Amino acid sequence: MFKSGIVDKGGNVNEKKVSILILMAFMTMFAWNGHAEEKKTDAPKEAPPQDVEVVAVIEKEVPVYQEYVATMNGMVNATILAQVEGYLIKQNYEEGGFVKKGDLLFEIDPRFFEEDLSVAKAILARHQAILQTAQATLKRILPLAEARAVSQKDKDDAVGRVQASEAEVLAAKAQVRKAQVNLGFTKIKSPIDGIAGIAKAQIGDLVGTPQALELTTVSKVNPIKVYAPISEKQYLKAVENGKGKKGAENIQFELILTDGTTWPHKGTFGFADRQVDPKTGTIQVAILFPNPDNVLRPGQYAKIKALMKTDAAVMVPQRAVGELQGIHQVAVVQADNTVKFRRVRVGETYEGNWIIEEGLKAGERVVAEGIQKVRDGVKVNPMPYKAKQKG
């Protein structure tokens, strides 16, 4: 069709049409070049700096704590034993309840021991009568011996009978005292104030045998001892921090219970064990905590939080630290307001801030809000950080 539009039936070229086509081609080319030039002049403009909230890295004195897993124990744990053999006839305390020193806990059938005491007293009386007779005989013989009315042998025999009777009386008195003590053992009393445990024997049981000696345990739990193993290095540092004194006595202790609550009473250093365990390299220390309502009991687990010292620490808000696969980093705003991401090593948290152990220094600026919007090398418009209020 193109060819038929230019060449006529006689085979001649239509020059007018050729000129028109050439003109149209030039116009199309100029139009395309103009459009290209227009595109070049419409290149995107540079984006304005991103608004971010920044905060200065601060250095502040913070408390340095150490935490230890601990177990509780009574100040005194008195194991109550049956000291004589007999049948248990009464339990006079409430299991798990508080008892005072001298309170009656158990009673053993006393009849056999009352009988033993009666027999011992009868034997004592008999020996006392024999002694009195021997003394009276000696009293009569002494004047006769001086008058040589009786032999020296009679006098010596009389003196010997008195001495033997005196010895018998002493032995009989000892038996009476023993019987009285055994009778007293049938009433088993608490030796201390404390919490009485579950009874290990029931009414009617034969107690006092090698297989049934223990009856219960009474524990004094106010204050309560809390044992914690600490390393030898930590122990020496605690002593050193005391500047010549027993450093541990100057440390403040808190008790964190298994439900996460903190015990309302502060603890004080009790004592350290006599030796370091060579297997673990730790030494047991006992911290004493007031326990006025006897809430804490032996065997409980807890954590002891010890304020070792205060130290200067570099800190930033927690929002300023990003974390990916265990690597922490911050966006540092440099002097020209460009961002430089930097890896840091974080420690504990304190009052909503990360303690930065490595990677930052006081006075530097970091992005606290908008860290996800920036990248290395971009310029930002820093604005003061406004901490978000909780709730």
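As the structure is a prediction and not an experimental result, all values here were calculated from the model. (Residues numbered from 1 in each chain as written. Predicted model: local features only at pLDDT ≥ 70, side-chain atom pairs only at ≥ 80, totals over all residues. Heavy atoms only, no water.)

**A short note on the packing of aromatic side chains**
Per the stated rule, a full pass over the model turns up 2 aromatic pairs. For the ring pair Tyr-93 and Phe-106, a centre distance of 5.4 Å and an interplane angle of 80 degrees mean the geometry is edge-to-face. Placement of Tyr-93 in the loop between strand S4 (86-91) and strand S5 (98-99) and of Phe-106 in strand S6 (residues 104-108) is noted, with a sequence separation of 13 residues between them. Per residue, the accessibility class of Tyr-93 equals that of Phe-106, and both read buried. On the numbers, 6.4 Å between centres and 75 degrees between planes, the contact of Tyr-227 with Phe-271 is edge-to-face. Linking Tyr-227 in strand S11 (residues 224-231) with Phe-271 in strand S13 (residues 268-272), this pair joins segments that are 44 residues apart in sequence. (Phe/Tyr/Trp six-rings, centres within 6.5 Å; stacked < 30°, edge-to-face > 60°. Helix = DSSP H or I, 4+ residues; strand = E, 2+ residues; numbered from the N terminus. Buried < 20%, exposed > 50% of the residue type's maximum accessible area, 1.4 Å probe, protein only.)

**Points about the pairing of S11**
The pairing of strand S2 (residues 58-73) with S11 spans 3 bridges and is classified as antiparallel. In the strand pairing of S11, Thr-71 is matched with Tyr-227. The sheet contact formed by S11 and strand S14 (residues 282-289) spans 8 bridges and is antiparallel. Residue pairing in the sheet places Pro-229 in a bridge with Gln-284 of S14. (Pairing = 2+ DSSP bridges.)

**Describing the sheet that holds strand S3 (residues 76-81)**
Taken together, 4 strands build an open sheet; the order of strands is S3-S10-S8-S5 and the sheet is antiparallel. Single-partner strands in this sheet number two, and they are S3 and S5. Of the pairings in the sheet, the one linking S3 to strand S10 (residues 214-220) comprises 6 bridges and is antiparallel in character. Within S10, the residue paired with Val-76 across the bridge is Lys-220.

**Considering the pattern of salt bridges**
Counted under the stated rule, the structure contains 12 salt bridges. Overlapping salt bridges bring together Lys-90, Glu-107 and Lys-187 as one network. (Salt bridge = Lys/Arg side-chain N within 4 Å of Asp/Glu carboxyl O.)

**As for the environment of Val-285**
By the secondary structure assignment, Val-285 is in strand S14. When its relative accessible area of 6% is taken as the criterion, Val-285 is described as buried. For the pair formed by Val-285 and Lys-225, sequence separation is 60 residues and the distance between their alpha carbons is 9.6 Å. Ignoring sequence-local partners within four residues, the contact set of Val-285 consists of Val-226, Tyr-227, Ala-228, Ile-230, Phe-269, Phe-271 and Ala-272. (Contact = heavy atoms within 4.5 Å.)

**Here we look at helix H3 (residues 111-146)**
End to end, H3 covers 53 Å across 36 residues, agreeing with the expected 52 Å (1.5 Å per residue, within 8%). Among the residues of H3, those classed as buried are Phe-113, Leu-117, Ala-120, Leu-124, His-127, Leu-131, Ala-134, Thr-137, Leu-138, Ile-141 and Ala-145. Of the surrounding secondary structure, the elements contacted by the buried residues of H3 are helix H4 (152-184). Trailing H3 by a residue or two, Arg-148 shows a phi angle of about 55 degrees, which is positive. (Expected span 1.5 Å × (residues − 1).)

**Here we look at the environment of Glu-61**
If you trace the backbone, Glu-61 turns up in strand S2. Spatially, the C-alpha atoms of Glu-61 and Ala-313 are 6.2 Å apart, while their sequence positions differ by 252 residues. Beyond its immediate stretch of four places on either side in the chain, Glu-61 contacts Thr-310, Asp-311 and Ala-312.

**Points about the sheet that holds S4**
Strand order in the open sheet formed by 4 strands is S7-S6-S4-S9, and the pairing between neighbours is antiparallel. For this open sheet the edge positions go to strand S7 (187-189) and strand S9 (206-207), each flanked by a neighbour on one side alone. With 3 bridges joining them, S4 and S6 adopt antiparallel strand pairing. Across the sheet, the residue bridging to Lys-90 is Glu-107, located in S6.

That's the geometry; what it means functionally is another story.
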